[in-house]
Amino acid sequence: MKRICFISPSLSQGGLENAVMVIANEMASRGHEVSIICVYNNPIFYELDKSINIILPLYDRKEYSTLSYYWKSALYIRKQVKSVNPDVVVSYGDYINFISVIATRNLKIPLFVSDRSSPDLNFPFFVKLMRKYWYPFADGILAQTERAKQQKQAMMGPKYSNIEIIPNALRTVNPYPEIEKENIILGVGRHYHVKGLDRLIKAFATSATNHWKLMIAGNYGPETENLKTLVQNLEIEDRVEFLGPVKEIDKVFSKAKIFVLPSRSEGFPNALIEAMAHGLPCISYDISAGPSDIIDNFENGILVEEGNIPELSRQMDFLIANPEKRERFSENAIKINEKLSVQKIGDTFYDFITRKK
C-alpha cells in the first residue's frame, strides 16, 4: 500500500478535476491511502471514495493579490504535505504545479506534475518563467499527448527525460438503455471563450435541419450572457437549451444522437471520450492537441478544420442525414471504453509514479 497525495486547484466541476477524481478513486479502490489537497476552497462537485482524505484551505483567494496568494498557497501546500507524509505527490494544474514544486522542495518526497491545458496555450510571462525554472526539479512529468510531451521537452531541454504520456483515464460511464434517443446534438463545456460554444451555436443555426435540438451542458461562466444573446439573435431559442451543470450527465449522453466538441483549445477532452464511451458519433475541431489523439477521422468520428464553422455545420448535417454512418461511428467509438479504461490507465499511472530511477 502506498500513501498517494494529489494536489488539485479544487474539486469543482471541470476537466482537470474530473481527471483527478477518476484516478484518485481508482488508487483508493486498490487499497492505497489517498489524500487530495485543494488550493481553492470551492464546492466539491464530484463523488469521491469515502476513504479519500480531502483537504481544503481555510482562507479565501479573494483576500490576496496574485503573488501573495502564490506564497500563501506554497506555505499551505508544504504544511499539508508534511502532515500527510505521503510516499509520492502528484500535482495537477498548469498554474499551481510550479507552486507545488516550490512547496515540496527538500522534503525528500517524489513529486510528479501534470499540466492539463493545451500545450500551445500562451501563459502570462511570470507563469511561463516559473514553469521553465521549477519544472525541471520535478521527479517526473505526466503528459496527456505526444504534442504535450514535445512541448515539455522543448521547454526544459534535452537533459530532462522523465516524461510519460498518460492520457486521461475514462471513468466508468453508466448507460441508460431505457432512455429513448432523441434528435439532439449535444455540447458539453463550461461557458468560457476557450470552449468555443459560440461556434457550435453558429454552426447549428445554419444547419439544414430544423427538427433537431441543441443541448449544452456545463457550468455557467463569463460567456453565458453572450451565448444566450447569440441564440436570440439567431432566432433559435426554441431549439437550443442550456442545461447548466449536470450531475447525472450520463442520462444526457444517453438521450443525444450526436456529440460536438467545438473547443478552441484542449488538453485531453474528457467530454469527448465520455461521449464516445456512450457510443455517440462525435465531431470535433482538429485543434493542436487532444481530439486527433482520440478520433480516427471517419472511422470513429469526424475531425473538422479548426475554426471552419460552415464545415462543422455540413458535417452535422451529414451525420443527421446518414443514420448508417452514425451507427458505424458508434460501434467504433465505444471501443474507447477498453482503450482508456481506468484499470489500464491506472496501471500505467501507478507504474510511472512508483518506478525506481
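Below is a summary of the structure that appears in this document. Since we're looking at a predicted model, the values are computed, not measured.

1. Quick notes on the overall build of the protein chain
No. 1: A tally of regular secondary structure across the protein chain gives 14 helices and 13 strands.
No. 2: At 21 Å, the protein chain has a C-alpha radius of gyration in line with the 21 Å of a compact globule built from 357 residues.
No. 3: Expressed as a percentage of its 357 residues, the buried residues of the protein chain come to 56%.
No. 4: The contacts of the protein chain with a sequence gap of at least 6 include a subset with a gap of at least 24, amounting to 67%.
No. 5: Carbon together with sulfur atoms contributes 50% to the accessible area of the protein chain, which is approximately 16200 Å² in total.
No. 6: In the protein chain, which carries 44 positive and 42 negative side-chain charges, the distance between the mean positions of the two groups comes to 8 Å.

2. Things to note about the nonpolar core
No. 1: Among the nonpolar cores identified, the biggest contains 60 residues, and Phe6, Ile36, Tyr92, Phe259 and Phe349 are the most heavily contacted of them.
No. 2: By residue number, the principal contributor to this core is helix H1 (residues 15-29), which donates nine residues.
No. 3: Non-local contacts of Phe349, meaning those with residues more than four positions away in its chain, are made with Phe6, Ile23, Met27, Val90, Tyr92, Leu142 and Ile166.
No. 4: Ile7, Ala103, Ala138 and Ile141 belong to the second largest nonpolar core, which has 36 residues in total.

3. A word on the packing of aromatic side chains
No. 1: Per the stated rule, a full pass over the model turns up 19 aromatic pairs.
No. 2: The interplanar angle of 45 degrees and the centroid separation of 6.2 Å between the aromatic rings of Phe6 and Tyr92 together place this pair among those described as tilted. Here Phe6 is found in strand E1 (residues 3-8), whereas its partner Tyr92 is found in strand E4 (residues 88-92), with 86 residues between them in sequence. The exposure classification of Phe6 matches that of Tyr92, with both residues buried.
No. 3: Look at Trp134 and Phe137: their rings are 5.4 Å apart centre to centre, the planes differ by 45 degrees, and that puts the pair in the tilted class.
No. 4: Among the residues examined, Trp134 registers a relative accessible area of 18% and is labelled buried.

4. So, the sheet that holds strand E9 (residues 213-217)
No. 1: Pairing is parallel in the open sheet, where six strands are placed in the order E10-E9-E8-E11-E12-E13. Both edges of this open sheet fall to strand E10 (240-244) and strand E13 (302-304), since each of them pairs with a single strand only. Pairs of neighbouring strands in the sheet enclose a mean axial angle of 20 degrees, with direction left out of account.
No. 2: Bridging between strand E11 (residues 258-261) and strand E12 (residues 282-285) involves three bridges; their strand directions are parallel. Residue pairing in the sheet places Leu261 in a bridge with Ser284 of E12.
No. 3: With respect to the sheet, helix H6 (residues 197-205) is in contact with strand E8 (184-188), E9, E10, E11 and E12, its orientation differing from that of E9 by roughly 170 degrees.

5. So, empty space enclosed by the protein
No. 1: As enumerated under the stated definition, the model contains two cavities of 30 Å³ or more in all.
No. 2: Size it by volume and the largest cavity reaches roughly 90 Å³.
No. 3: In terms of lining, the largest cavity is formed by Ala19, Val22, Ile23, Tyr92, Arg116, Leu142, Ile166, Pro167, Asn168, Ala169, Ile345 and Phe349.
No. 4: Elements that contribute at least two residues to the lining of the largest cavity include exactly H1 and helix H14 (342-354).
No. 5: If you trace the second largest cavity, you find it lined by Asp115, Arg116, Ser117, Pro119, Leu142, Ala143, Gln144, Thr145, Ala148, Lys152 and Gly267.
No. 6: Of all the secondary-structure elements, those providing two or more residues to the lining of the second largest cavity are strand E6 (140-143) and helix H5 (146-156).

6. Focus: helix H12 (residues 323-333)
No. 1: Those residues of H12 that fall on the buried side of the exposure criterion are Arg326, Phe329, Ser330, Asn332 and Ala333. Looking down the long axis of H12, one finds its buried residues gathered within 165 degrees of arc, a one-sided arrangement.
No. 2: Residues of H12 that are buried make contact with E11, helix H9 (270-277), E13, helix H11 (309-321) and helix H13 (336-339).

7. Looking at unusual backbone geometry
No. 1: With phi around 65 degrees, Asn106 is a residue other than glycine that occupies positive phi space.
No. 2: By secondary structure assignment, the location of Asn106 is in the loop between helix H3 (97-103) and strand E5 (111-114).

8. Focus: the pattern of salt bridges
Where charged atoms from two side chains of opposite charge come close, those side chains can pair.
No. 1: Enumeration over the complete set of coordinates arrives at 17 salt bridges.
No. 2: Between Glu241 and Lys213 there is a salt bridge, with its nearest N and O atoms 3.0 Å apart. Placement of Glu241 in strand E10 and of Lys213 in strand E9 is noted, with a sequence separation of 28 residues between them.
No. 3: You can call Glu241 partly exposed: its relative accessible area is 30%.
No. 4: Note that Glu311 is salt-bridged to Arg314, the shortest N-O span being 2.8 Å. With Glu311 and Arg314 both in helix H11, this residue pair falls three residues apart, about one helical turn.
No. 5: Overlapping salt bridges, with partners in common, bring together Asp94, Asp115, Arg131 and Lys152 in one network.

About the cut-offs
- Residues numbered from 1 in each chain as written.
- Predicted model: local features only at pLDDT ≥ 70, side-chain atom pairs only at ≥ 80, totals over all residues.
- Heavy atoms only, no water.
- Helix = DSSP H or I, 4+ residues; strand = E, 2+ residues; numbered from the N terminus.
- Rg over C-alpha atoms; globule rule 2.2 N^0.38 Å.
- Buried < 20%, exposed > 50% of the residue type's maximum accessible area, 1.4 Å probe, protein only.
- Contact = heavy atoms within 4.5 Å.
- Areas by Shrake-Rupley, 256 points an atom, 1.4 Å probe, with all protein chains shown as cover.
- Lys, Arg positive; Asp, Glu negative; His and termini not counted.
- Charge placed at Lys NZ, Arg CZ, Asp CG, Glu CD.
- Core = buried A, V, L, I, M, F, W, Y, C linked by side-chain atoms within 4.5 Å.
- Phe/Tyr/Trp six-rings, centres within 6.5 Å; stacked < 30°, edge-to-face > 60°.
- Pairing = 2+ DSSP bridges.
- Axes fitted to C-alpha atoms, helices over the stretch in contact; angles between N-to-C directions.
- 1 Å grid on protein atoms, 1.4 Å probe; cavity = no way out; pocket = protein on both sides within 12 Å on 5 of 7 lines; lining within 4 Å.
- Points joined across faces, edges and corners; volume = space filled by probe spheres on them.
- Arc of directions from axis to C-beta.
- Salt bridge = Lys/Arg side-chain N within 4 Å of Asp/Glu carboxyl O.

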